[in-house]
Amino acid sequence: MPTSFRHRPVLAAAVAGAGTLMAGAACAQEAAAPAAAPVVQGAPDAVAAGAAALASLPHDLSPWGMFVTASPVVQAVMVGLALASVLTWTIAIAKTVELSAAKRKARAALAMLEESRSLSQAAERVGFSQGTAAVLVRAVLAETHLSADAPSRDGLMDRAASRLERIEAAAGRRMARGTGILATIGSTGPFIGLFGTVWGIMTSFIGISKAQTTNLAVVAPGIAEALLATAIGLVAAIPAVVVYNACSRAIGGHKAQLTDASAAVLRLLSRDIDRHTLPRPHAAQPHAGQAHGAQGHGNSRAAE
């Protein structure tokens, strides 16, 4: 028998087996298709929900955009901190101008007092100026006039020193006006900004619970708005602390200048005491004599 006729049953069996395998694969595909269908059917709903959440997000994440979309409490905190920052820079500029002028006048007055040889000469040089050194000289002159009839000069230096000390204290308080506001802003600014941050983050978490999603893109804008409050608080507090420290050092230097001027005035007073050349209230005596003469002249006329 030929070879081709002998292997024909084997070929038929192989073809039958291949057909069976193909039929089984088709059945498996048909069985798997219904199970995968729900996943494909639910995918558009998830995509639609994500798209809706992204569409509701604020697109302007600039500082102004975050301020506009922030909650009213956070907006109030930001506005308050911004006003505090403006106040800080206003005080800084005003104190810089004031302290610079006061130091310049104090240096000139101290040089004038060092060159003077007596209280009378110092009084002539200061004239009618309104500087602190002029006030010191006038205070000592007033004390010498009030003590003109005292039997002893031992207590004159103490009384004059007491007057000068009070004038120095008043000048220091006048120069320190406004620095307390800087200290308050510097100490409370970060905490006020932190309050705004806590409130904003709390509002963000409430929004998360309402949206029922943990997508970071939904949460990030609210957290960024809250952190902006802390940033503004630091912007307001850091310059306030720096300006307060600078003003404190400048005021301390000005007080030292006033102390030197007071010491110079007391030295002039001590020299006049030792020389027995204290200024006398000569101006008051003619006026009193003139008044007495005028009164006597009026009485004589009345008698006539």
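Residue positions are given per chain, counting from 1 as you read along its sequence in written order. The predicted nature of this model means local features are confined to residues of pLDDT at least 70 and side-chain atom pairs, given and counted, to a pLDDT of 80 or more, with totals for whole chains, interfaces and linings taken over all residues. Side-chain calculation: all heavy atoms of the structure are included, whereas hydrogens and water are not.

(A) Region of interest: helix H7 (residues 156–175). With 20 residues, H7 should reach 28 Å at 1.5 Å per residue; the first-to-last C-alpha distance of 29 Å fits that figure. Burial here depends on accessible area, computed with a 1.4 Å probe over protein chains only, as a share of the maximum for the residue type. Under 20% is buried, over 50% is exposed, and the range in between is partly exposed. Here a strand is any run of E in DSSP of at least two residues, a helix any run of H or I of at least four, and the numbering for each starts at the N terminus. Listed as buried for H7 are Leu-156, Ala-160, Leu-164, Ile-167, Glu-168, Ala-171, Gly-172 and Met-175. Viewed along the axis of H7, the buried residues span an arc of 135°, placing them on a single side of the element. With respect to the buried face of H7, the exposed residues turned more than 90 degrees away are Asp-158 and Arg-173. In this analysis, the expected span of each helix is defined as 1.5 Å times one less than the number of residues it contains. Along the arc lie the directions from the helix axis toward the C-beta atoms.

(B) Expanded view of the packing of aromatic side chains. Only rings of Phe, Tyr and Trp enter the pairing, Trp through its six-membered ring, and a pair is recorded when the two centres are within 6.5 Å. The plane angle decides the type: under 30 degrees is stacked, over 60 is edge-to-face, the rest tilted. Evaluation of the coordinates by the stated rule reveals one aromatic pair. Where Phe-195 meets Trp-199, the ring centres are 6.2 Å apart and the plane angle is 45°; that geometry is what we call tilted. One end of the pair is Phe-195 and the other is Trp-199, both in helix H8 (residues 179–211) and four residues apart, which spans about a single turn. Under the relative-accessibility criterion, Trp-199 is labelled partly exposed at 33%.

(C) Seen up close, helix H5 (residues 119–126). Within the sequence span of H5, burial applies to Leu-119, Ala-122 and Val-126. Along the axis of H5, the buried residues cluster in a sector spanning 60°; they form a single face.

(D) View of the pattern of salt bridges. Any Lys or Arg side-chain nitrogen located within 4 Å of an Asp or Glu carboxyl oxygen qualifies as a salt bridge. All chains considered together, the criterion is met by five salt bridges. In this structure, Arg-125 engages Glu-115 in a salt bridge whose closest nitrogen and oxygen atoms are separated by 3.5 Å. Residue Arg-125 is found in helix H5, and its partner Glu-115 is found in helix H4 (residues 72–115); the two are separated by ten residues along the sequence. Using a relative accessible area of 39% as the deciding quantity, one classes Arg-125 as partly exposed. Linking Glu-143 and Arg-159 is a salt bridge whose minimum nitrogen-to-oxygen distance equals 2.9 Å. Of this pair, Glu-143 sits in helix H6 (residues 132–146) while Arg-159 sits in helix H7, and the two are 16 residues apart along the sequence. On the basis of relative accessibility, which here comes to 8%, the residue Glu-143 falls in the buried class. By relative accessible area, which is 34% here, Arg-159 ends up partly exposed.

In short, shape yes, function no, at least from these values alone.
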